[in-house]
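# Understanding the architecture of this molecule
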Amino acid sequence: MARTKGQIRGSKSKGRSFEYDCEASLQQKFMDCYRTNDKGYIQEYDLQSQVHKISAECKRIKSMSWNQAKSYLEKLINRSPDGYKGYLLFQSNRQPALVMQFNSDNHIVVMEFEDCFGMPFIKHQPIQKIGGKKNGIKTVVC
């Protein structure tokens, strides 16, 4: 059964919001972490820190099989610059944010975000408009 345009738009919005949450969470530790899409880069991964040499792919999926997660991680590693550490950040509905990575022995490890990075997974603070069209105010607060 094919998904409707509204379902596709909703899933893209949910994924984009998760990318913002991952960026805000990682910026607690890696201040230079940014969304590659915001910088105009087409990197085939979502987040990057050039100073700390990390790349991350973010997936907010209702459910994900082990093989699917493993293929996302392997694809990330193959497309990341040499010397970069790759992280697959993913979350299923009503579950904590998880991190999949290769450890120093080249084994796949999955753990909660807080256990991996030593800080809580946070929600990003969206930009809020003050006033609105009625008042003619276009001030934006970050």
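Computed from a predicted model, the values in this text were never measured in an experiment.

Across the sheet, 6 strands lie side by side as 1-2-3-4-5-6; this open sheet has mixed pairing. Two strands in the sheet have a free side with no partner beyond their single neighbour: strand 1 (34–35) and strand 6 (108–112). With 3 bridges joining them, strand 2 (residues 47–49) and strand 3 (residues 54–60) adopt antiparallel strand pairing. Across the sheet, the residue bridging to S49 is I54, located in strand 3.

The two faces of the sheet receive side chains in turn, since in a regular strand these alternate between them. Summarising the sheet, strand 5 (residues 98–102) and strand 6 pair through 5 bridges and their orientation is antiparallel. If you follow M100 over to strand 6, its bridge partner there is V110. Two successive antiparallel strands, strand 5 and strand 6, enclose a turn made up of 5 residues, where N106 displays a positive phi of approximately 65 degrees.

A word on the pairing of strand 4 (residues 85–91). Most of strand 4 is tucked away: 6 of the 7 residues are buried. The pairing of strand 3 with strand 4 spans 7 bridges and is classified as parallel. Bridging across to strand 4, I54 finds its partner in K85. Running through helix 2 (residues 66–79), the crossover from strand 3 to the neighbouring parallel element strand 4 is right-handed. In the sheet, strand 4 pairs with strand 5 via 3 bridges, with the strands oriented antiparallel. Bridge assignment links L89 to a residue of strand 5, and that residue is V99. Following strand 4, the chain reverses through 6 residues before pairing antiparallel with strand 5; R94 in that reversal takes a positive phi of roughly 60 degrees.

Now for the state of the cysteines. Taken as a whole, this structure holds 0 disulfides when the rule is applied. Between C58, a free cysteine, and C22, which holds the nearest cysteine sulfur, the sulfur-to-sulfur gap is 3.7 Å.

Summarising the element assignment, Q125 is placed in the loop between helix 3 (113–117) and strand 7 (128–129). A sequence separation of 104 residues divides Q125 from D21, and the C-alpha atoms of the two residues are 8.6 Å apart.

Time to look at the nonpolar core. Counting residues in hydrophobic clusters, the biggest one holds 17 residues, and the most contacted among them are L26, L47, Y87, L89, V99, F113 and F117. Mapped onto this core, the elements with two or more residues apiece are helix 1 (5–26), strand 3, strand 4 and helix 3. With residues near it in sequence (within four places) discarded, L89 still touches F18, C22, L26, L47, A56, E57, C58, K59, L98, V99, F113 and F117. Counting residues in hydrophobic clusters, the runner-up holds 9 residues, among them M64, L88, F90 and M100.

Quick look at the environment of R79 now. Structurally, R79 is set in helix 2. In this structure R79 comes out as partly exposed when scored by relative accessible area, which is 39%. For the pair R79 and S55, spaced 24 residues apart in sequence, the C-alpha separation works out to 9.4 Å. Not counting residues within four places of it along the chain, the set of residues in contact with R79 comprises E44 and Y45.

The rules behind the values
Residues numbered from 1 in each chain as written. Predicted model: local features only at pLDDT ≥ 70, side-chain atom pairs only at ≥ 80, totals over all residues. Heavy atoms only, no water. Pairing = 2+ DSSP bridges. Helix = DSSP H or I, 4+ residues; strand = E, 2+ residues; numbered from the N terminus. Buried < 20%, exposed > 50% of the residue type's maximum accessible area, 1.4 Å probe, protein only. Right-handed = clockwise from strand over helix to strand, strands pointing away. Disulfide = S-S within 2.5 Å. Core = buried A, V, L, I, M, F, W, Y, C linked by side-chain atoms within 4.5 Å. Contact = heavy atoms within 4.5 Å.

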